[in-house]
Amino acid sequence: MGAGILWGTGGLTGALLIDRTGLGVPAVAAFRLLVGGGLVVAWLAATGRLHRLRVSGRGARRLLLLGALAALYQSCYFAAVSLTSVSLATLVTLGASPVLVVLAESVVGRRRPDGRILLAIATAIAGLALLVGTPAAGDPAAVLAGTACALASASGFAAITMLGARPVDDLGALPTTGLAFCAGGLLLVPLAALTGGVAVHLDAGTLGLLLFLGLAPTALAYGLYFTGLRTVATGSAALFSLLEPLTAAALGAVVLDERLGAAGLAGAVLIGAAVLMTATGRRR
């Protein structure tokens, strides 16, 4: 749950960074991954754990794949934010990902999800329908394009959830997060350079936003999430991530004056109910 709450600050921080610096979407996604991954690697080096890490060729390929998925997820997410709003983009992205994860689990494991998970998914889908269909969402063409980007982001996040549930060469959650995100950030740098550049004036405000974006919703949040994936079913873990859009919606309303309208608020309530159903079911 902690990961979901921390993630909820990522969209707002990225939007503020774009507004302050004029950076493009790929550049912001690259900075998020590079700063977040770099902070983790720096911590591992400072604690003497970095030199003890051993990665096989197969493990390196897994890390590179995780990095590529993170690059896809982050760039599509920030594109959705720029086309719609922080709250709508986050709600669609994280509302769709549990559906994709549970469907993938069912296909791969050849098993039917239990009734509680199906009910939670149906509730989340109903919430998403209300969110996307509300007139407060904005221009229909931008909403359609933003929703497509959000669904692409959801696919990347769902794949990360499935792949991250299996350890990479026994590295542990934190080293996996740091190394994969560094790889993902480096993959995005050439694209960012071609679509607006990566140069940025590092005044105090910009540096603070970059550090916060890399630390709270990236290094800490994904470290917690990958740790939780080792003990919680991937479908349930993805549903807990729905706390991110609720946090993002609240912050968007307070800081950016974004308004979802009555239908949008009803959709957010339904998504929250999906989280509560999962949490209640796990305690029984």
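Our subject is the structure that appears above.
The structure reproduced in this document is the subject of the present report.

Rules and cut-offs
Residues numbered from 1 in each chain as written. Predicted model: local features only at pLDDT ≥ 70, side-chain atom pairs only at ≥ 80, totals over all residues. Heavy atoms only, no water. Helix = DSSP H or I, 4+ residues; strand = E, 2+ residues; numbered from the N terminus. Buried < 20%, exposed > 50% of the residue type's maximum accessible area, 1.4 Å probe, protein only. Contact = heavy atoms within 4.5 Å. Areas by Shrake-Rupley, 256 points an atom, 1.4 Å probe, with all protein chains shown as cover. Expected span 1.5 Å × (residues − 1). Patch = residues over 30% accessible without salt bridge, like charges linked within 9 Å, V, L, I, M, F, W, Y side chains within 5 Å. Salt bridge = Lys/Arg side-chain N within 4 Å of Asp/Glu carboxyl O. Phe/Tyr/Trp six-rings, centres within 6.5 Å; stacked < 30°, edge-to-face > 60°. 1 Å grid on protein atoms, 1.4 Å probe; cavity = no way out; pocket = protein on both sides within 12 Å on 5 of 7 lines; lining within 4 Å. Points joined across faces, edges and corners; volume = space filled by probe spheres on them. Disulfide = S-S within 2.5 Å. Axes fitted to C-alpha atoms, helices over the stretch in contact; angles between N-to-C directions. Parallel < 35°, antiparallel > 145°, perpendicular 65-115°, else oblique. Left-handed = near helix turned anticlockwise from the far one by under 90°.

### What to know about the overall build of the protein
Moving on, step 1. Summing up its helical and strand segments, the protein has twelve helices and zero strands in all.
Moving on, step 2. The order of helices and strands in the protein, counted from the N terminus, is α-α-α-α-α-α-α-α-α-α-α-α.
Moving on, step 3. Expressed as a percentage of the 284 residues in the protein, the buried residues total 53%.
Moving on, step 4. Considering only contacts in the protein between residues 6 or more positions apart, those separated by 24 or more positions represent 89%.
Moving on, step 5. Within the structure as shown, the protein displays about 12000 Å² of accessible surface, and the carbon and sulfur contribution to it stands at 69%.

### Side note on helix α2 (residues 10–21)
At 3.6 residues per turn, the α-helix brings residues three or four places apart onto the same side.
Moving on, step 1. Compared with the 16 Å implied by 1.5 Å per residue over twelve residues, the 16 Å span of α2 between its first and last C-alpha is a close match.
Moving on, step 2. Turning to α2, its buried residues are G10, G11, L12, T13, G14, A15 and L17.
Moving on, step 3. Within two residues after α2, G22 carries a phi angle of roughly 75 degrees, on the positive side.

### A word on the environment of L207
Moving on, step 1. Along the chain, L207 turns up in helix α9 (residues 204–229).
Moving on, step 2. Residue class for L207 comes out partly exposed when judged on its relative accessible area of 38%.

### As for a nonpolar patch on the surface
Moving on, step 1. Judged by side-chain polarity, L39, L202, L207, L211, L215 and L220 come together as a nonpolar surface patch covering roughly 500 Å² of accessible area.
Moving on, step 2. Top contributing element to the nonpolar patch by residue count: α9, with four residues.
Moving on, step 3. For L220, the location among the structural elements is in helix α9.

### Overview of the packing of aromatic side chains
Moving on, step 1. Going through the model one piece at a time under the given rule, you end up with three aromatic pairs.
Moving on, step 2. Measuring from centroid to centroid gives 5.3 Å for Y77 and F78, while their planes differ by 50 degrees, and the two rings are tilted. Both residues of the pair, Y77 and F78, count as buried.
Moving on, step 3. Following the ring pairs from residue to residue traces out a cluster consisting of Y73, Y77, F78 and F157.

### Points about empty space enclosed by the protein
Moving on, step 1. As enumerated under the stated definition, the model contains one cavity of 30 Å³ or more in all.
Moving on, step 2. A volume near 30 Å³ is recorded for the largest cavity.
Moving on, step 3. Sort the elements by how many residues they give to the lining of the largest cavity and helix α8 (residues 173–194) lands first, with three residues.

### Re the pattern of salt bridges
Moving on, step 1. The final tally for this structure, using the stated rule, is one salt bridge.
Moving on, step 2. Here R20 makes a salt bridge to D203, at a shortest N to O gap of 3.2 Å. One end of the pair, R20, is in helix α2; the other, D203, is in the loop between α8 and α9, with 183 residues separating them in the sequence.
Moving on, step 3. Under the relative-accessibility criterion, R20 is labelled partly exposed at 47%.
Moving on, step 4. Looking at D203, the relative accessible area reads 25%, which means it is partly exposed.

### Remarks on the state of the cysteines
Moving on, step 1. In total, this model carries zero disulfides according to the counting rule given.
Moving on, step 2. For the unlinked cysteine C149, the closest cysteine sulfur is that of C76, found at 5.8 Å.

### Some words on the packing of α2 against helix α4 (residues 57–83)
Moving on, step 1. The interhelical angle for the contact between α2 and α4, taken along N-to-C directions, is 70 degrees, at an axis separation of 10 Å. In terms of orientation, α2 and α4 fall into the roughly perpendicular class. The handedness of the crossing between α2 and α4 comes out as right-handed. Along its contact with α2, which presents G10, G11, G14 and A15, the element α4 presents Y77, F78 and V81.

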